[in-house]
Amino acid sequence: MESGPAIFAGTAFTLFGAGLLVWTAARVRHRAPVAHGADPAAAVVFATAFGAVLLALGVWCFGRV
């Protein structure tokens, strides 16, 4: 019964983290801004870091199942 929330959270974190990494890579590849009004280098670093952390958190949640 306790694995249900872990599966849901793992799926949500993994999908959002992977989506953020893919979106950031696509924006960088097309030389488009990652965040409006922010320093381009800082936006890429923060978006990549948060995407990797969320992806790792999702994998950790799946490991708890």
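All residue numbers refer to positions counted from 1 along the written sequence of the respective chain. Side-chain atom pairs in this predicted model are given and counted only at pLDDT of 80 or more, local residue features only at pLDDT of at least 70, and totals for whole chains, interfaces and linings cover all residues. Excluded from the side-chain calculations are hydrogens and water; all other atoms, namely the structure's heavy atoms, are used.

Runs of H or I in DSSP of at least four residues are treated as helices and runs of E of at least two as strands, each being numbered from the N terminus. Each helix and strand counted, the protein chain has two helices and zero strands in total. C-alpha atoms define the radius of gyration in this analysis, and the globule rule sets the expected value at 2.2 Å times the number of residues to the power 0.38. The C-alpha radius of gyration of the protein chain comes to 14 Å, more than 25% above the 11 Å expected for a compact globule of 65 residues. Each principal axis of the C-alpha atoms in the protein chain carries an extent, and together these give about 45 × 15 × 15 Å. Exposed residues in this analysis have more than 50% of their type's maximum accessible area, buried residues have under 20%, and partly exposed residues fall in between, with area computed by a 1.4 Å probe over protein chains only. Across the 65 residues of the protein chain, 18% fall into the buried class.

Multiplying 1.5 Å by the residue count of a helix minus one yields the expected span of that helix. With 27 residues, helix α1 (residues 3-29) ought to run about 39 Å at 1.5 Å a step, and its terminal C-alpha atoms sit 38 Å apart, in line with that. For α1, the complete set of buried residues consists of Ala-6, Gly-10, Gly-17, Leu-20 and Thr-24.

What follows concerns helix α2 (residues 40-63). The end-to-end C-alpha separation of α2 is 35 Å, in line with the 34 Å expected for 24 residues at 1.5 Å each. Among the residues of α2, those classed as buried are Ala-43, Ala-47, Gly-51, Leu-54, Gly-58 and Cys-61. Taken together, the buried residues of α2 touch α1. Any two residues having at least one pair of non-hydrogen atoms within 4.5 Å are treated as being in contact.

Assignment of secondary structure puts Thr-48 in helix α2. Of the residues examined, Thr-48 reaches a relative accessible area of 34% and is grouped as partly exposed. C-alpha separation for the pair Thr-48 and Val-22, spaced 26 residues apart in sequence, amounts to 9.4 Å.

A word on the packing of aromatic side chains. Each Phe, Tyr or Trp ring, with Trp reduced to its six-membered ring, pairs with another whose centre is within 6.5 Å; inter-plane angles below 30 degrees give stacked pairs, above 60 give edge-to-face pairs, and intermediate values give tilted ones. Taken as a whole and assessed by the stated rule, the structure comprises one aromatic pair. A centroid spacing of 6.4 Å and a plane angle of 25° characterise the contact between Phe-46 and Phe-50, whose relative ring orientation is stacked. With Phe-46 and Phe-50 both in helix α2, this residue pair falls four residues apart, about one helical turn. Judged by its relative accessible area of 53%, Phe-46 falls in the exposed class.

Right, let's get into the packing of α1 against α2. Each packed pair of helices is defined by two parameters, the angle between the axes and the distance between the axes. α2 packs onto α1 with a crossing angle of 155° between their chain directions and a minimal axis gap of 7 Å. Here α1 lies roughly antiparallel to α2, going by the angle between them. At the point where α1 passes α2, the crossing takes the left-handed sense. Following the grouping adopted for this structure description, the nonpolar residues are Ala, Val, Leu, Ile, Met, Phe, Trp, Tyr, Cys and Pro, the charged ones are Asp, Glu, Lys and Arg, and the polar ones are all others, Gly among them. For the contact of α1 with α2, the per-class residue count stands at 19 nonpolar, eight polar and no charged. Note on method: axes are straight lines fitted to C-alpha atoms, helices fitted across the in-contact stretch only, with angles between N-to-C directions ranging 0 to 180 degrees. Angle categories are assigned with fixed cut-offs, so that under 35 degrees is roughly parallel, over 145 is roughly antiparallel, 65 to 115 is roughly perpendicular, and the rest are oblique. Handedness of a helix crossing follows the sense of rotation of the near helix relative to the far helix, less than a right angle counterclockwise being left-handed and clockwise being right-handed.

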